[in-house]
Amino acid sequence: LFSIAALQVQAQGIYVNKKSGESIAYPAATFDKVTPEVFSNVQPTKVKGAVANLQYERIADMSTAREGHQIFPSGNGIVVVGGCDVNYSPLQSAEIYQNGQWKNISIGSAHAYGFSAVLSDGRVMVGGGRLSSANDGNYSKKTAIYNPSTQTFTAGPDMTTGRMNCSAIAAGNTVYVNGNFTKGDDKTMDYYNGTSFKAVGNTYERQSPAIFASKSGLIWTWGVYDTSGQEAELYTNNEGKKGMLFNTYTPSTGETDNYYSTDFATNKPLSPTWEMRPSDSFNSTEGDEGYFFLTKDSEGKYLLKQTYESDKNPGATTTATYHLDIPTVFPNTQTSLNYKGSVFVNTEQKEVYLIGYDNNASSGIIYILSYNFTNGYWTIAKAEGLACSVIYGAWCMLPDGRLACTGGYGQNSVIQKCAYIFTPPVAG
């Protein structure tokens, strides 16, 4: 076992501008500091780690090479949708893996670097994405809805604007879509009410933002990168403290609140990858509900955090614990490690799974870190000799807790058809 620094548990102060919904000039605005809630739950004082070999199975190749596609489980199968082909042209196709083989599914729209969201009735909405091989601002408004009982797609309603590098959250029977790429005037979310889309909110311009739904029904959204791909500017409040701006949207009033986090100025949240759904990172443990996410500081230190909403003051503040100082070297070889923005939570096993890679991201090597958020133990496992660089593939968690990955790159950066199922190690 390898011992690392003591686990840190602390509440985070967050600043809020109470002038809801208005466009404000920073740093002239006045912020009110919200008193953070102190956690009563006890966390372990130390974390222990172990090393294992990563168990995996290479399944049949997809019928089409894909990159930038959506992936999600469907019963005992795996569905992949859209993405780009070997010429980086958007694909108007989908397929399902069942009984050891892939079968094509008809879909009437292309979705490369778009979004997917699981509706309350189990159907899955996919949407957005670029419409040409170049990032020329020609993005799709189209959506399609997959019915797992019939294994078919039907056309959904158009969004109000074309989107790429966007994120979506399903909240009850609704869907909120936020974010875009190279669309400097995109400050609104797309809201699906079960029938059609309309524009709501007045959010900051971000690409690949995180988007979460709170217990009280608020929609939280933040992101490190603006729509041009540059790190979003930090602002200084009237106390001279720098912070990153983010938003909440209140559906009952239609108001957008502008928040300011000093913690996010130093520990910057990683952008979720294009195929990630917020539901994948949700811990549904009763009394401990919240979304896990990763942050990284300027020295390359990763922290695993979880969002909470204060029961004492709903909507006014969130707090986040530091659960784990993520190992940044592989203990057996001292190889430096990085992590994707993907965070998968297995609530039944009380484990979080992170996808790691070394400095040669194009190699056939992958790492998976399992962390038990009850006892603080972790295990990191390594697999090498894979047929393609799966770090660039699309990942999802299957109902049994295994992780599926499809696509990626081979030699000379050629997009691949390969597909794998990985069994995360037991933490500790």
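Everything here concerns the structure above.
Definitions and limits used
Throughout this description, residue numbers start from 1 for each chain and increase along the sequence as written. In view of the model being predicted, local features appear only for residues whose pLDDT reaches at least 70, and side-chain atom pairs are presented and counted only at 80 or more, with totals across whole chains, interfaces and linings using the full set of residues. Only heavy atoms go into the side-chain values, all of them from the structure, while hydrogens and water stay out. Strands are runs of DSSP state E lasting at least two residues, helices are runs of H or I lasting at least four, and both sets are numbered from the N terminus onward. Partly exposed residues are those whose accessible area sits between 20% and 50% of the maximum for their type, while under 20% is buried and over 50% is exposed, using a 1.4 Å probe and protein chains only. What makes two residues a contact is simply this: any of their non-hydrogen atoms within 4.5 Å. All accessible areas in this document rest on Shrake-Rupley with a 1.4 Å probe, and a residue is counted as covered only by the protein chains that are shown. A pair of strands is treated as paired once DSSP finds two or more bridges between them. Fitted lines through C-alpha atoms serve as axes, helices being fitted only where they are in contact, and the angles separating the N-to-C directions of these axes extend from 0 to 180 degrees. For the purposes of this analysis, a disulfide is any pair of cysteine sulfur atoms at a distance within 2.5 Å. Of the grid points, spaced at 1 Å and generated over the protein atoms alone, those admitting a 1.4 Å probe that cannot get out make up cavities, while open sets with protein on both sides within 12 Å along at least five of seven lines make up pockets; any residue with an atom within 4 Å of a point is treated as lining. Grid points are joined across faces, edges and corners, and a volume is the space filled by probe spheres set on the points. Each residue gets one of three labels, nonpolar for Ala, Val, Leu, Ile, Met, Phe, Trp, Tyr, Cys and Pro, charged for Asp, Glu, Lys and Arg, and polar for the others, Gly among them.

K.L.:
Explain the overall build of the chain here, please?
P.N.:
Helix and strand counts for the chain stand at 1 helix and 36 strands. Out of the 428 residues belonging to the chain, those deemed buried represent 57%. Partitioning the contacts of the chain with sequence separation of at least 6, the portion at a separation of at least 24 is 55%. Carbon and sulfur atoms make up 45% of the accessible area of the chain, which amounts to about 17100 Å² in all.

K.L.:
Could you clarify how one ought to interpret the pairing of strand E15 (residues 174–178) in this entry?
P.N.:
Strand residues, when the strand is regular, have side chains that alternate between the two faces of the sheet. In terms of residue burial, E15 counts as a mostly covered element, since 5 of its 5 residues are buried. Taking every second residue as pointing to the same face, both faces of E15 are buried, with Thr174, Tyr176 and Asn178 on one and Val175 and Val177 on the other. In the sheet, strand E14 (residues 167–171) pairs with E15 via 5 bridges, with the strands oriented antiparallel. From the neighbouring strand, isoleucine 169 faces E15, where its bridge partner is tyrosine 176. In this antiparallel pair of consecutive strands, E14 and E15, the connection spans 2 residues, and glycine 172 shows a positive phi of 65°. In the sheet, E15 pairs with strand E16 (residues 189–192) via 3 bridges, with the strands oriented antiparallel. Across the sheet, residue tyrosine 176 finds its bridge partner in E16, namely tyrosine 191.

K.L.:
I would appreciate a short explanation of the sheet that holds strand E5 (residues 55–59) in the present structure.
P.N.:
The strands making up a sheet are joined through hydrogen bonds of the backbone, oriented either antiparallel or parallel. The sheet built from 4 strands is open, its strands ordered E5-E36-E35-E34 with antiparallel pairing. Edge positions in the open sheet fall to E5 and strand E34 (394–397), since each of these has one partner strand only. Averaged over neighbouring strand pairs, the angle between their axes works out to 20° when direction is ignored. Direction of pairing for E5 relative to strand E36 (residues 419–423): antiparallel, over a ladder of 5 bridges. If you follow isoleucine 59 over to E36, its bridge partner there is alanine 419.

K.L.:
I keep staring at the pairing of strand E21 (residues 242–250) and nothing clicks. Help me out?
P.N.:
In terms of burial, E21 is largely enclosed, as 8 of its 9 residues are buried. Sheet topology note: the strand E19 (residues 219–222)/E21 ladder contains 3 bridges and is antiparallel. From the neighbouring strand, isoleucine 219 faces E21, where its bridge partner is tyrosine 249. Across 2 bridges, the pairing between strand E20 (residues 235–236) and E21 is antiparallel. Across the sheet, residue tyrosine 235 finds its bridge partner in E21, namely glycine 243. Between the antiparallel neighbours E20 and E21 lie 5 residues, among them glycine 240 with a positive phi of about 80°.

K.L.:
Mind showing me how you'd approach the state of the cysteines here?
P.N.:
Such a bond, covalent and formed between the sulfur atoms of two cysteines, is termed a disulfide. For the structure shown, the criterion picks out 1 disulfide. Here cysteine 388 is linked by a disulfide to cysteine 418, with a sulfur-sulfur distance of 1.8 Å. Taking the torsion about the sulfur-sulfur bond, which here is approximately 75°, the covalent link between cysteine 388 and cysteine 418 counts as right-handed. Of this pair, cysteine 388 sits in the loop between strand E33 (377–383) and E34 while cysteine 418 sits in the loop between strand E35 (403–406) and E36, and the two are 30 residues apart along the sequence. Overall, the relative accessible area of 3% leaves cysteine 388 in the buried class. The exposure class of cysteine 418 is buried, given its relative accessible area of 2%. Here cysteine 396 stays unpaired: no disulfide links it, and the sulfur of cysteine 405, its closest cysteine neighbor, is 9.2 Å away. Overall, the relative accessible area of 0% leaves cysteine 396 in the buried class.

K.L.:
Even after reading the chapter, I still don't get empty space enclosed by the protein, so can you show me in this structure?
P.N.:
Any empty space left between atoms is shown by rolling a water-sized probe over those atoms. Counted according to the given criterion, the structure contains 3 cavities of 30 Å³ or more. Taken as a whole, the largest cavity encloses approximately 250 Å³ of empty space. Along the walls of the largest cavity sit 24 residues, with Pro209, Ala210, Phe212, Pro272 and Met276 positioned nearest its centre. Sorting the residues of the lining of the largest cavity by element identifies strand E10 (115–118), E14, strand E18 (210–213), strand E25 (290–296) and strand E30 (338–346) as the ones contributing at least two each. Considered class by class, the residues forming the lining of the largest cavity number 16 nonpolar, 7 polar and 1 charged.

K.L.:
What is the right way to look at the sheet that holds strand E6 (residues 70–74) in this model?
P.N.:
If you trace the 4 strands from one edge of the open sheet to the other, you get E6-E7-E8-E9, paired in antiparallel fashion. Two strands in the sheet have a free side with no partner beyond their single neighbour: E6 and strand E9 (101–105). Put simply, the sheet's adjacent strands are angled 25° from each other on average, direction ignored. Summarising the sheet, strand E8 (residues 94–98) and E9 pair through 5 bridges and their orientation is antiparallel. Residue pairing across strands places alanine 94 opposite isoleucine 105, the latter belonging to E9.

K.L.:
In this structure, what is going on with the layout of surface pockets? I would like to understand it.
P.N.:
Estimated volume of the largest pocket: approximately 760 Å³. In terms of lining residues, the largest pocket is bounded by 31 residues, among which Tyr225, Leu270, Ser271, Thr273 and Gly341 are the most central. Those elements that place two or more of their residues in the lining of the largest pocket are helix H1 (263–266), strand E23 (268–269) and E30. Ranked by residue count, the leading element in the lining of the largest pocket is E30, at 4 residues.

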